[in-house]
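What the coordinates show
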Amino acid sequence: MRGARYRAWRWPAAAATLALTVLVVPGGTGAALAGSSHAARAGGQVSRVTPGDDTTASLNNLRTGWDPGEPGLSPAVVHGPDFGEVFSTAVNGQVYAQPLVVGSTVIVATENNWVYGLNAGTGAIEWSVSLGKPYAIKNCTDLVPNVGITSTPVYDPSTGTAYVVATVNTGRAIVSRMFGIDVGNGTVTFQHGIYGSPSNDPHITINPATQSQRTGLLLLNGWVYAAFSSHCDHKPWAGYVSAIDPATRAFTLWTDESGATDDEAGIWQSGGGLVSDGPGRIFLTSGNGISPAKGPGNKPPGQLAESVIRLRPDADGTLAAKDFFSPADAPTLDANDLDYGAAGPAELPVGTTAYPHILAQDGKVGHIFLLNADSLGGREQGSGGTDNDLYQSQAYQGVWGHPAIFEASTSAIPPSSSGLPDYVYFVGKNDYLRAFAVSTNASGVPKLTDAANSTFRFGYGSGSPVVTSDGTDPSTGVVWVIQNNGSASSTLAAFPVTPQPAKGGGVKLQEIDGEPLGTAAKFTIPATSNGMVYVGTGDGHVLGFGDTSGAALHRGVIPAFGNTAVGSPVTRTVTATAARTVTVTGVSHSTATSPDPFTLGPVTETPPGGGGQVPVSFPVVLHRGDTLHTTVTFTPTAPGGVSGTVSFGTVSSGTVSSGTGAGQTVPVSVPLTGGGTRAGLYASTPHLSMLLSLNDGTSVGPVPVGLPNYAVASIINGGSTPQRITKVTVPGGPFRAVNPPRPGTVLPPGQTITVQFSYTPTRAVSSASSLTVTGSSGTAATVRLTGSSSPGRTRFTAPTSVSFGKVPAGQKVTRYIHIVNRGNEAATVSRSKLTGPYRLAASVARGLPVNPGSDLDIPVTFAPAATGYTVGQYTFRWTDRYGPHTLTIAISGTGVQRPGPARPAA
């Protein structure tokens with residue numbers, strides 16, 4: 001969404017101290033200390049990071065999401081009877097931020113601006129602190145009802161301090177502030193406002209009422225870095241990075257659109273953290289805005305939307321862009337709201353001998369890029385104006401998040417390497433979890449191969465994956481992903497890191513556990529530490545999963561439904577056995593699939609030693625050795641993988657929940673997985689309506705003539721035997737299948753071929769076509785394509801004249817020429833020229849793309865050397881597919897004599 005400009009708002013540096021509330025329960029002490037300039041040491045001692053701690057977004061500054069110190073989370077353990085929910089603690093507000101784990105404390109921040117320290121083993125609340133009233137935003141439904149702490153905090157072991165950034169309603173203004181919190185007792189030891197102008201564009205100011213702080217915080221060389229985007233693109237907003245040194249209170253801002261452009265290009269990365277692979281190197285990815293013109297990466301311009309950017313902190317902390325990469329089609333991404341920066345970067349911990357530092361980056365279009373972090377590649381610097389990247393995949397479904405990475409390799413990967421157990425895992429919108437294998441060509445250039453996918457798909461809003469393992473042994477590794485089902489049936493799903501052989505051929509990622517979460521927050525990332533997995537939820541809970549061997553009730557063998565023909569029922573038995581006296585309150589099941597393919601049968605009980613099963617009614621008291629049984633019938637209604645859970649609700653002495661002690665309900669859950677099969681091929685999306693859309697996929701209108709639009713669908717083998725593709729019928733113009741499958745390709749059972757479609761209308765008309773792929777069984781998968789287009793035009797508006805009025809000789813004044821593309825078609829700046837005694841404070845680069853709704857503010861200065869009236873003009877030229885166009889703005893000003901010193905009174 002694009003709106004009018006606004007830049008007058010500024011929060012004063014001497015911001016008022018916020019009122020703070022600290023709630024201390026047994027196990028925590030202390031009270032709020034507002035405004036202290038020095039971070040306290042936890043418990044009077046410096047708190048050190050211990051092995052297994054999770055102290056930043058996605059576990060490390062490379063944002064790999066990989067925790068190699070988890071021998072207690074092997075696939076056998078996770079799939080076994082003694083893994084499950086350990087606690088569920090209620091907190092005040094939604095939890096979007098990933099929890100942190102420091103020693104025996106889990107740090108949790110909420111959208112209601114509460115921060116908690118929980119006992120990592122029991123979930124008991126040890127301390128909590130309120131950082132002020134949250135922002136109840138009224139004009140954006142992206143995050144409701146409150147916006148408080150959205151980003152993942154970061155922990156500084158040298159001071160025992162966790163830093164968070166909160167949006168606070170002081171009653172007089174909406175402000176952004178960074179807080180430091182002693183993780184030992186919850187004391188607030190540091191505060192600093194985030195306000196003012198960026199060092200690279202002093203004529204704009206950050207506005208917390210329209211700026212969202214979503215990216216995970218980065219701690220580097222004692223400084224804490226945060227990045228900002230927008231609330232529903234309501235202006236004024238821009239892409240900002242703030243930097244604060246808590247020790248000295250030094251503070252600076254930087255923006256990714258400066259000079260002639262100074263709004264948009266938000267940095268949000270769906271919650272992924274700012275990346276660093278060493279001192280002086282910070283990487284981030286920006287979203288929609290004015291993309292850079294064609295140019296080398298080592299000369300970043302002021303316009304850096306739709307870009308991966310490397311920042312360098314100077315000696316005084318000031319940030320400067322030193323390198324960038326922007327896709328050649330960045331203007332199209334912007335015009336279609338296909339943010340490159342919806343995904344965040346992550347760096348491979350082990351690169352290749354030729355390229356030691358490799359970034360993996362995706363976006364809403366679904367192309368996976370591998371970039372050389374030491375030379376990102378600029379824009380259109382490849383052969384023929386293409387991308388200068390290391391690798392670019394075909395399009396899969398768009399990614400809101402970032403990958404997890406597991407590498408068994410412990411040293412640089414040599415040339416001509418393949419078959420390595422090194423994987424990059426992505427989850428796309430309404431797509432499968434995909435494992436991509438890392439390999440190299442003869443020159444050591446890396447590439448990715450789509451090695452396997454899960455059997456079921458993940459809905460929009462599902463989080464970025466994480467990996468646990470015992471070192472680099474792939475047999476011990478597990479991939480964890482929060483499956484957001486848009487309802488109270490979201491789950492924490494677990495898979496082995498290594499693809500497993502599939503029945504009928506091929507390999508797949510087979511779910512080994514699925515734990516119910518209730519309502520998931522959007523793009524939530526789990527935390528892992530010391531044999532536990534921690535998840536914050538959208539309904540205000542923190543759940544801990546781990547060893548349940550001491551629990552009163554244990555699940556039995558996880559049922560395997562396997563591949564089942566559509567419409568054919570298969571029944572399995574689910575059991576739970578009491579280890580001591582326990583009250584079971586009921587048995588329920590959940591699934592995201594509609595219609596529900598699982599049906600529960602009656603529940604019976606078997607006492608120790610057998611003796612036959614007897615019906616039960618709830619609640620029922622079980623004693624040691626008593627076993628509950630229920631049958632589950634799986635009747636798939638469509639081909640493809642499905643998942644669900646059966647849950648036994650319990651009340652047991654010694655069970656901890658909500659951080660309050662014993663006697664609370666903690667369910668024992670059994671995952672359900674199955675695959676519906678139907679001979680032949682089918683399409684994941686039988687119909688694609690190719691219209692311009694918003695972030696959530698809501699259709700908003702036709703595609704302007706000349707603007708390409710994209711969509712993706714998968715062709716899937718829904719049967720239990722391999723399918724050979726015998727015929728492919730591609731769509732006709734203005735549609736195109738960018739990478740259609742080839743006849744002769746063999747598709748193993750459950751495997752997919754992803755096809756990207758483009759729609760580039762050449763005239764205003766409604767269009768329809770289709771792709772049909774026929775398999776060896778004689779069945780065919782068809783994707784119907786429809787689209788509509790509207791006439792395309794560019795129409796730039798600007799003031800007809802700009803007057804400086806009277807300016808004393810030798811004094812400099814700046815005025816801005818506001819130019820807006822009010823058409824519906826993209827344009828490219830071809831030339832701009834200024835005449836007269838005037839100067840441009842920031843020039844507009846030739847080749848700069850300006851999309852519909854985008855605006856430019858051309859800063860013009862007048863510093864008369866002498867008195868007298870002067871004139872000039874600014875000529876702005878652009879081109880579109882219809883040819884060149886020109887705007888001319890008259891400029892005038894009068895130099896007057898500088899006032900002399902006042903005469904003394906007679």
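Every residue gets a number counted from 1 within its own chain, in the order that chain's sequence is written. Only residues with pLDDT of 70 or above have their local features reported here, since the model is predicted, and side-chain atom pairs are shown and tallied only from 80 upward, although totals for entire chains, interfaces and linings are computed over all residues. To obtain the side-chain values, all non-hydrogen atoms of the structure were used and water was disregarded.

Attention now moves to the state of the cysteines. We call a pair of cysteine sulfur atoms a disulfide whenever their separation is within 2.5 Å. Scanning the entire structure with this criterion turns up one disulfide. Sulfur-sulfur distance for the disulfide between Cys140 and Cys232 comes to 2.1 Å. Between Cys140 and Cys232, the S-S dihedral sits near 70°, and the bridge is therefore right-handed. Highlighted residues: Cys140 in the loop between strand 7 (125-130) and strand 8 (154-156) and Cys232 in the loop between strand 13 (223-228) and strand 14 (240-245), separated in sequence by 92 residues. Between buried and exposed lies partly exposed: a residue is buried under 20% and exposed over 50% of the maximum accessible area for its type, with that area taken using a 1.4 Å probe on protein chains only. Judged by relative accessible area, Cys232 falls into the partly exposed class, the value being 30%. The helix and strand labels rest on DSSP assignments: H or I over at least four residues marks a helix, E over at least two residues marks a strand, and numbering proceeds from the N terminus.

Turning to unusual backbone geometry, a few remarks are in order. For the bond running from Val144 to Pro145, omega is 0°, close enough to zero to count as cis. Its location among the elements puts Pro145 in the loop between strand 7 and strand 8. A cis geometry characterises the amide bond from Gly733 onward to Pro734, with omega recorded as 10°. Its place among the elements puts Pro734 in the loop between strand 53 (723-729) and strand 54 (735-737). The backbone of Glu306 sits at a positive phi, close to 50°, despite the residue not being glycine. In this fold, Glu306 is placed in the loop between strand 17 (281-285) and strand 18 (308-313). If you check the backbone angles, Phe523 has positive phi at about 60° while not being a glycine. Assignment of secondary structure puts Phe523 in the loop between strand 33 (513-518) and strand 34 (527-529). We classify Phe523 as buried; its relative accessible area is 4%.

Moving on, we come to the pattern of salt bridges. For this document, the term salt bridge refers to a Lys or Arg side-chain nitrogen within 4 Å of an Asp or Glu carboxyl oxygen. Inspection of every chain in the model, using the stated rule, returns twelve salt bridges. Close ionic contact of Arg379 with Glu380 constitutes a salt bridge, the shortest N to O distance being 3.4 Å. Judged by relative accessible area, Glu380 falls into the partly exposed class, the value being 22%. Notably, a salt bridge pairs Asp513 with Arg555, separated by 3.0 Å at the nearest N-O pair. With a gap of 42 residues between them, Asp513 in strand 33 and Arg555 in strand 37 (residues 553-555) connect regions that are remote in the sequence. Residues Asp513 and Arg555 agree in their burial class; the two are buried. What you see here is one network of salt bridges that share partners, running through Asp277, Arg281 and Asp374.

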